[in-house]
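# A structural walkthrough
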Amino acid sequence: MNTQPLKKNIIYKMTATLFAATNPSTGRMRALNVLRDLPSVADLIELCFSSTLDPEGRSYIDQMRRNGLDKSFLNWAPRVIETVSLPLSGFVWESNGRVVGNVSLIPFFKREQKIFLIANVATHPEYRRQGIARHLTTAAMQKAREKHASAIWLHVRDDNPGAIQLYRELGFVERSRRTSWYAPPGTALLDSPPSNIHVMTRPARDWNAQNKWLSRSYPAELDWYTHQSWNILKPGLFNAIYRIMADINTIQWSALQDGRLQGILACQRTGGRSDQLWAALPAHGSSEAITRLLYHCRQSISPARGLTLEYPVGTVDDAIRSAGLMAQRTLAWMEAPGVTTY
Ligand SMILES: CC(C)(COP(=O)(O)OP(=O)(O)OC[C@H]1O[C@@H](n2cnc3c(N)ncnc32)[C@H](O)[C@@H]1OP(=O)(O)O)[C@@H](O)C(=O)NCCC(=O)NCCS
């Protein structure tokens with residue numbers, strides 16, 4: 001496919017945005033000043049994301065506020081902007097001395113390549129639909145390319161069509177849609193309906209299939225973000241020693257129907273509020289396998305712990321729901337070209 005006209009169109013729109021003669025409203029864009037903007041940015045993010053903030057999001061904002069007041073952090077931060085995956089770089093929109101718009105630019109590393117994540121795109125409700133987010137996101141994309149980004153990514157909730165539209169207009173293309181599922185702690189043990197799917201402790205011989213299916217569920221194009229090493233699930237003495245040394249505790253189960261492997265579920269115990277599940281399912285297997293595996297997991301582990309599972313949107317959504325997990329949010333992962341592909 002010839003993508004040149006599309007690229008020209010995107011370049012035209014971005015250039016026009018950056019060099020527009022008139023500002024979208026009163027005010028101006030400037031680079032984030034990590035020494036003084038963090039508390040105002042934390043306030044803006046809290047206001048703009050109030051309806052969707054979970055405990056993790058709240059602690060992120062609290063951390064940002066604490067960092068903004070911490071002198072030793074502020075001495076250290078400007079020197080490491082390019083090397084740590086923290087929102088220390090970006091742009092703000094300022095109007096009458098007040099921060100009313102923000103975008104963060106967070107570096108990640110994938111082998112030799114640098115990937116930038118655009119995050120915390122927010123415009124104060126009184127200043128919306130004046131082009132502020134478009135200006136800020138365009139500036140962040142340009143900065144990422146100046147910094148030799150190999151790719152630029154962002155994620156956006158699937159129930160935010162306005163933001164998705166904005167990102168599409170700026171050249172982002174959706175690559176994956178993933179739902180975070182949650183089973184709260186304290187759930188009474190469930191009576192599982194009868195089934196011909198048999199669940200057993202995962203034998204080492206299932207690893208090859210599990211490894212292959214894991215790369216479908218947790219694609220390599222996002223591994224710069226998840227930093228997940230499958231050594232935590234791999235059989236063998238070396239990996240068992242690694243897990244002991246790293247204090248990683250996993251339990252794994254295989255589901256079989258008529259003797260054929262239908263899926264594998266791993267539960268990783270964590271020190272946090274909930275344990276992390278990793279599901280490995282074939283492309284065309286029985287979706288009931290995941291229901292059975294989740295039932296089995298919920299019956300086997302302590303009801304005092306919550307469970308979280310992240311999985312691509314698709315054919316097994318209902319099967320996951322049937323095991324009593326609730327969809328917390330679905331994120332669209334979108335990518336725009338970096339310098340190497342642009
Ligand atoms: C999404 C958000 C950042 C947009 O900020 P903004 O400054 O109003 O956006 P802009 O004015 O630059 O909009 C640019 C384009 O995006 C699209 N867009 C933005 N908001 C939209 C909305 N509510 N409905 C439909 N389209 C919308 C439009 O195409 C718009 O162009 P147009 O005004 O010429 O039609 C803002 O609504 C916000 O802060 N929301 C809460 C936080 C959030 O959801 N952030 C995104 C997280 S990924």
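Residues numbered from 1 in each chain as written. Predicted model: local features only at pLDDT ≥ 70, side-chain atom pairs only at ≥ 80, totals over all residues. Heavy atoms only, no water.

## Describing the nonpolar core
Heads up, the rule is: In these notes, a set of buried Ala, Val, Leu, Ile, Met, Phe, Trp, Tyr and Cys residues joined through side-chain atoms within 4.5 Å is what counts as a nonpolar core. Whether a residue is buried, partly exposed or exposed follows from its accessible area with a 1.4 Å probe, protein chains only, as a fraction of its type maximum: under 20%, in between, or over 50%, in that order. Whether two residues touch is decided by their heavy atoms; if any such pair falls within 4.5 Å, the residues are in contact.
Membership of the largest hydrophobic core comes to 37 residues, with the highest contact counts inside it found for Leu265, Ile290, Leu309, Tyr311 and Ile320. With residues up to four places along the chain from it excluded, the contact list for Leu309 reads Thr179, Ser180, Trp181, Tyr218, Gln276, Leu277, Trp278, Ala279, Ile320 and Leu325. Listed in part, the 29 residues of the second largest apolar core include Met141, Val156, Phe172 and Ala332.

## Quick notes on the packing of helix H5 (residues 132-146) against helix H6 (residues 161-169)
Heads up, the rule is: All axes are obtained by fitting lines to C-alpha atoms, using only the stretch in contact for helices, and the reported angles, taken between N-to-C directions, cover 0 to 180 degrees. A run of H or I in DSSP becomes a helix once it reaches four residues, and a run of E becomes a strand once it reaches two; helices and strands are each numbered from the N terminus. In what follows, roughly perpendicular refers to angles from 65 to 115 degrees, roughly parallel to angles under 35, roughly antiparallel to angles over 145, and oblique to any angle outside these ranges. Whether a crossing is left-handed or right-handed is set by the direction in which the near helix is turned from the far one by less than a right angle, anticlockwise for left-handed and clockwise for right-handed. Note that Gly is not counted as nonpolar here; it falls among the polar residues with everything else outside the nonpolar set of Ala, Val, Leu, Ile, Met, Phe, Trp, Tyr, Cys and Pro and the charged set of Asp, Glu, Lys and Arg.
For the pair H5 and H6, the least separation of the axes is 11 Å and the interaxial angle reads 45°. Accordingly, the angle class assigned to the pair H5 and H6 is oblique. When you trace H5 past H6, the crossing you get is right-handed. Only Leu166, Tyr167 and Glu169 of H6 make contact with H5, whose side of the interface consists of Ala133, Arg134 and Thr137. Within the contact of H5 with H6, the residues separate by chemical class into 3 nonpolar, 1 polar and 2 charged.

## So, the side chain of Ser95
Applied cut-off: Pairs of N or O atoms within 3.5 Å make up the polar contacts considered here, provided that, within protein, one atom can donate a hydrogen while the other can accept it, and that residues adjacent in sequence are counted only when both atoms are side-chain atoms.
Secondary-structure assignment places Ser95 in strand E2 (residues 90-95). One polar contact links Ser95 to Thr26, side chain to side chain, over a distance of 3.2 Å. Residues within four places of Ser95 in sequence aside, it is in contact with Thr26, Gly27, Val100 and Tyr127.

## Focus on the confidence of the model for the protein chain
Stated formally: Confidence of the predictor at the level of single residues is given by pLDDT, which spans 0 to 100.
Taken residue by residue, the protein chain gives an average pLDDT of 86. The fraction at 70 or more is 87%. Of all secondary-structure elements in the protein chain, the lowest mean pLDDT belongs to helix H1 (residues 4-18), at 49, while H6 reaches the highest, 98. Low confidence marks residues 1-6, where pLDDT is under 50. Its contacts with residues over four positions away, or in another chain, come to 0 contacts. This stretch, residues 15-22, has a pLDDT under 50; its non-local contacts, to residues over four places away or in other chains, come to 8 contacts.

## Re the packing of aromatic side chains
What counts here: Think of it this way: a Phe, Tyr or Trp ring, Trp meaning its six-membered ring, pairs with another when their centres are within 6.5 Å, and the plane angle makes it stacked under 30 degrees, edge-to-face over 60, tilted otherwise.
Counted under the stated rule, the structure contains 11 aromatic pairs. Between Phe108 and Trp224 the ring centres are 5.0 Å apart and the planes differ by 70°, which places this aromatic pair in the edge-to-face class. Of this pair, Phe108 sits in strand E3 (residues 98-110) while Trp224 sits in helix H8 (residues 223-226); the two residues are 116 residues apart in sequence, bridging distant segments of the chain. Side by side, Phe108 and Trp224 carry an identical accessibility label, which is buried. Seen in terms of ring centroids, Tyr225 and Trp333 are 4.8 Å apart; in terms of plane orientation they differ by 65°. Their pairing is edge-to-face. Residue Tyr225 is located in helix H8, and its partner Trp333 is located in strand E12 (residues 326-337); the two are separated by 108 residues in the primary sequence.

## Some thoughts on the site of the ligand
The following threshold applies: Being near a molecule or strand, for a residue, means having at least one of its heavy atoms within 4 Å of it. Surface accessibility in these figures is a Shrake-Rupley result with a 1.4 Å probe; residues are shielded only by whichever protein chains are displayed.
Lining the immediate environment of the ligand, one finds 21 residues, of which Val121, Thr123, Arg129, Gly131 and Asn160 sit closest. At a separation of 2.7 Å, an oxygen atom of the ligand approaches a polar side-chain atom of Asn160. Starting from 910 Å² of accessible surface for the ligand in isolation, the protein chains cover 75%. At the level of secondary structure, the elements contributing two or more residues to the shell around the ligand comprise strand E4 (113-123), H5, strand E5 (151-157) and H6. Per-element accounting of the shell around the ligand gives the leading share, 6 residues, to H6. Across the shell around the ligand, the residue classes break down as 10 nonpolar, 7 polar and 4 charged.

## A short note on the pairing of E3
What counts is decided by this rule: Paired strands, in this sense, are two strands between which DSSP finds at least two bridges.
For E3, a buried count of 11 out of 13 residues is recorded, marking the element as mostly surrounded by other parts of the structure. Summarising the sheet, E2 and E3 pair through 6 bridges and their orientation is antiparallel. Paired with Trp93 across the two strands is Gly101, which belongs to E3. Connecting E2 to the antiparallel partner E3 that follows it, the hairpin turn spans 2 residues, and Asn96 within it adopts a positive phi of roughly 50°. Following E3, the chain reverses through 2 residues before pairing antiparallel with E4; Arg111 in that reversal takes a positive phi of roughly 50°.

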